[in-house]
Amino acid sequence: MCGGMSNDNDSTQRDGPVTWRNVFCPCEPCCRLDFSRCKMTKEFGKLKVMKFPRLTQTGPTQTASLEEFGACLDRDTIVALRCDPDEVTIEGCLWLALINAKAFKLQEDQLHQGQHFEKDWLVAKGRRFSLVETRARDQARIYKALAEETLLNVQSMLKVKGIRF
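About the cut-offs
Residues numbered from 1 in each chain as written. Predicted model: local features only at pLDDT ≥ 70, side-chain atom pairs only at ≥ 80, totals over all residues. Heavy atoms only, no water. Buried < 20%, exposed > 50% of the residue type's maximum accessible area, 1.4 Å probe, protein only. Helix = DSSP H or I, 4+ residues; strand = E, 2+ residues; numbered from the N terminus. Pairing = 2+ DSSP bridges. Phe/Tyr/Trp six-rings, centres within 6.5 Å; stacked < 30°, edge-to-face > 60°. Salt bridge = Lys/Arg side-chain N within 4 Å of Asp/Glu carboxyl O. Disulfide = S-S within 2.5 Å.

### A word on the pairing of strand S4 (residues 78-82)
The two faces of a sheet get side chains in turn, since along a regular strand they alternate between them.
Alright, step 1. Among the five residues of S4, four are classified as buried, and the element is accordingly described as predominantly covered.
Alright, step 2. Across five bridges, S4 lies against strand S5 (residues 94-99) in antiparallel orientation. Looking across to S5, one finds that Leu81 is bridged to Trp95.

### Focus: the packing of aromatic side chains
Alright, step 1. For the coordinates displayed, the defined rule picks out one aromatic pair.
Alright, step 2. Between Phe117 and Trp121, the aromatic rings sit 6.2 Å apart at their centres with planes inclined by 80°, giving edge-to-face as the arrangement.
Alright, step 3. Under the relative-accessibility criterion, Phe117 is labelled buried at 2%.
Alright, step 4. By relative accessible area, which is 26% here, Trp121 ends up partly exposed.

### What to know about the pattern of salt bridges
Alright, step 1. As enumerated under the stated definition, the model contains three salt bridges in all.
Alright, step 2. In this structure, Asp138 engages Arg135 in a salt bridge whose closest nitrogen and oxygen atoms are separated by 2.8 Å.
Alright, step 3. The partly exposed category is assigned to Asp138, whose relative accessible area is 39%.

### Description of the state of the cysteines
Alright, step 1. Inspection of every chain in the model, using the stated rule, returns zero disulfides.
Alright, step 2. With no disulfide of its own, Cys30 has Cys38 as its nearest cysteine by sulfur position, at a separation of 3.7 Å.
Alright, step 3. Exposure remark for Cys30: the relative accessible area of 1% places this residue in the buried category.

Now the structure itself:
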């Protein structure tokens, strides 16, 4: 897990700094990038701050990168989606979901389960997971896939491949 933390924009563009630790913490302060108030330091360890020189290189546009990521999504892929701050629950600021079919672009604006999706948005059909329990002895989280299929906005997904549990 990495997060850039700096009040100096010029310094940020040159060399960071980057705040990091090996595991992402889903507690409410960390979801707001307020790592100094982390509620789970004992479980996940303290944050480290390092500077990394930035490389200037041209890469794909965000849209091209999004479409490339969307093309990798296939049936039985597990993804993590950012949720709105007012929807943060015990699961933290991320929802896990199981993709049921390839991602596709919407042909028209759509209202689905109370959510507005716009034409040309990249979406995938899938089912969200719900946290059932966290085992006390090893802090393992146990989830179940919800029965109801929903549309998932690819832009809200963390661009991480290979999530498994």
